[in-house]
Amino acid sequence: MGYRLESLPDLLSENLVKSGLKTKFIGRTVISHQSLTSTNAEAKRIAPSAENGTVVVAEVQTIGRGRMERHWHSPRGGIWMSVILKPKIPPSLAFRVNIAASIAVARALEGLYGLEVGIKWPNDLMVGERKVCGTLTEIGAEMDSLEYAVVGIGINANIDPDLFPEEWKATSISGLLGREVLRLELVQSILEELERACEGMATSFDQVMGEWSDRSATLGRKVRIITRDGEFEGRAEALESDGSLRVRKGDGIEERVLAGDCIHLRPAKEMADEGA
Ligand code: BT5
């Protein structure tokens, strides 16, 4: 039986998420909680025995995780979910899962609400200069094969943006649109887009990588890169096929950065106007 979306309370229950979902494998199993420490932690716990495409979702996370052990604020009204994927790829290509997730969220936000979403390397989805979504991919692997990837997706859906400290440069979908959205519809759209984006993951991924570059808010910008080894500034030039960001420093030397933080220093347009 189909449900009419607009007549439903906006719950992310197992039945509602699965109802009418147009996917082959993502979301065949949905595990829905009122509250979890972290959907990624729970997804990792069950991943070894879970079926490919299992989705874990929670209304609230009490210890939501960002990258590098940072805290992710996850109050009611947001979308906090993790998808367990088991693509047949080596661990070195696991970054593709994160790329696919960013593309899926960007497509969904654009398709449903007409929002122009930019992807900030490595894992932020931005509207203008503000973050609306972050992704966190964690893996379990043998030396040469990926056992599972857990891709966590956190979206500030229906949250008062004033709840975020200004220094986070965060906002929410409801804050941007001036109205609340149906999270259920957004979750389903993301899961459908994620499945599409994952299609060529084990073979040719060039098209999705190209879409990432097209949607990138980072390429062409002057950036400060902060890694475990230190920091430097330069111009972000390209996303390489191994997932690294290629940055040309002031002295002309190119660096390839696989992991780290990226701060956008100046708008691309301003730099182009200056011929930088
Ligand atoms: C991320 O980390 O952007 C990854 C966020 C992933 C969250 C999802 S929710 C479902 C799944 N389960 C989890 O436990 N996690 C995943 P990072 O780039 O490190 O950004 C973290 C930083 O963003 C924090 O240090 C804050 O400054 C800021 N921040 C925290 N909560 C935020 C929020 N809700 N919206 C925007 N910024 C936030």
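Located above this text is the structure these notes cover.
Residues numbered from 1 in each chain as written. Predicted model: local features only at pLDDT ≥ 70, side-chain atom pairs only at ≥ 80, totals over all residues. Heavy atoms only, no water.

To continue, consider the side chain of Arg183. Of note, Arg183 is situated in helix 5 (residues 183-198). A relative accessible area of 4% places Arg183 in the buried class. A polar contact of 3.0 Å, which involves the side chain of Arg183, links it to the backbone oxygen of Gly78. Leaving out residues up to four positions away in the same chain, Arg183 has contacts with Asp10, Leu11, Leu12, Glu59, Gly77, Gly78, Ile79, Ala157 and Asn158. (Helix = DSSP H or I, 4+ residues; strand = E, 2+ residues; numbered from the N terminus. Buried < 20%, exposed > 50% of the residue type's maximum accessible area, 1.4 Å probe, protein only. Polar contact = N/O pair within 3.5 Å; in protein donor to acceptor, adjacent residues only side chain to side chain. Contact = heavy atoms within 4.5 Å.)

Turning our attention to the packing of aromatic side chains. By the definition in use, this model includes 1 aromatic pair. Ring centres of Phe164 and Trp168 lie 6.2 Å apart, and the angle between their planes is 35°; this geometry places the pair in the tilted category. Taking the relative accessible area as the measure of exposure, Trp168 reaches 41% and is therefore partly exposed. (Phe/Tyr/Trp six-rings, centres within 6.5 Å; stacked < 30°, edge-to-face > 60°.)

With respect to burial, strand 2 (residues 55-61) is a largely interior element, 7 of its 7 residues being buried. Note: strand 1 (residues 30-36) against strand 2, 6 bridges, orientation parallel. Bridged to Ser32 within strand 2 is Val57. For the crossover that starts at strand 1, traverses helix 2 (residues 39-46) and ends in the parallel strand 2, the hand is right-handed. Summarising the sheet, strand 2 and strand 3 (residues 79-85) pair through 4 bridges and their orientation is antiparallel. Looking at strand 3, one finds that Val55 is bridged to Val83. (Pairing = 2+ DSSP bridges. Right-handed = clockwise from strand over helix to strand, strands pointing away.)

It is worth spelling out the sheet that holds strand 12 (residues 261-266) at this point. Taken in spatial order, the 5 strands of this open sheet run 11-10-9-8-12, and their pairing is antiparallel. Here the strands that pair on one side only, and so sit at the sheet edges, are strand 11 (254-257) and strand 12. For this sheet the average axis-to-axis angle between neighbouring strands, irrespective of direction, equals 45°. Bridge count between strand 8 (residues 222-227) and strand 12: 5 bridges; the pairing is antiparallel. When the bridges of strand 12 are listed, Val223 appears paired with His264. (Axes fitted to C-alpha atoms, helices over the stretch in contact; angles between N-to-C directions.)

What follows is about helix 2. For helix 2, the full list of buried residues reads Thr39, Asn40, Glu42, Ala43 and Ile46. One side of helix 2 holds all its buried residues, which, seen down the axis, span an arc of 165°. Where helix 2 is buried, its residues meet strand 1, strand 2, strand 3, strand 6 (130-141) and strand 7 (146-155). The N-capping residue of helix 2, defined by a side-chain oxygen 3.2 Å from the backbone nitrogen of Asn40, is Ser38. (Arc of directions from axis to C-beta.)

In short, shape yes, function no, at least from these values alone.
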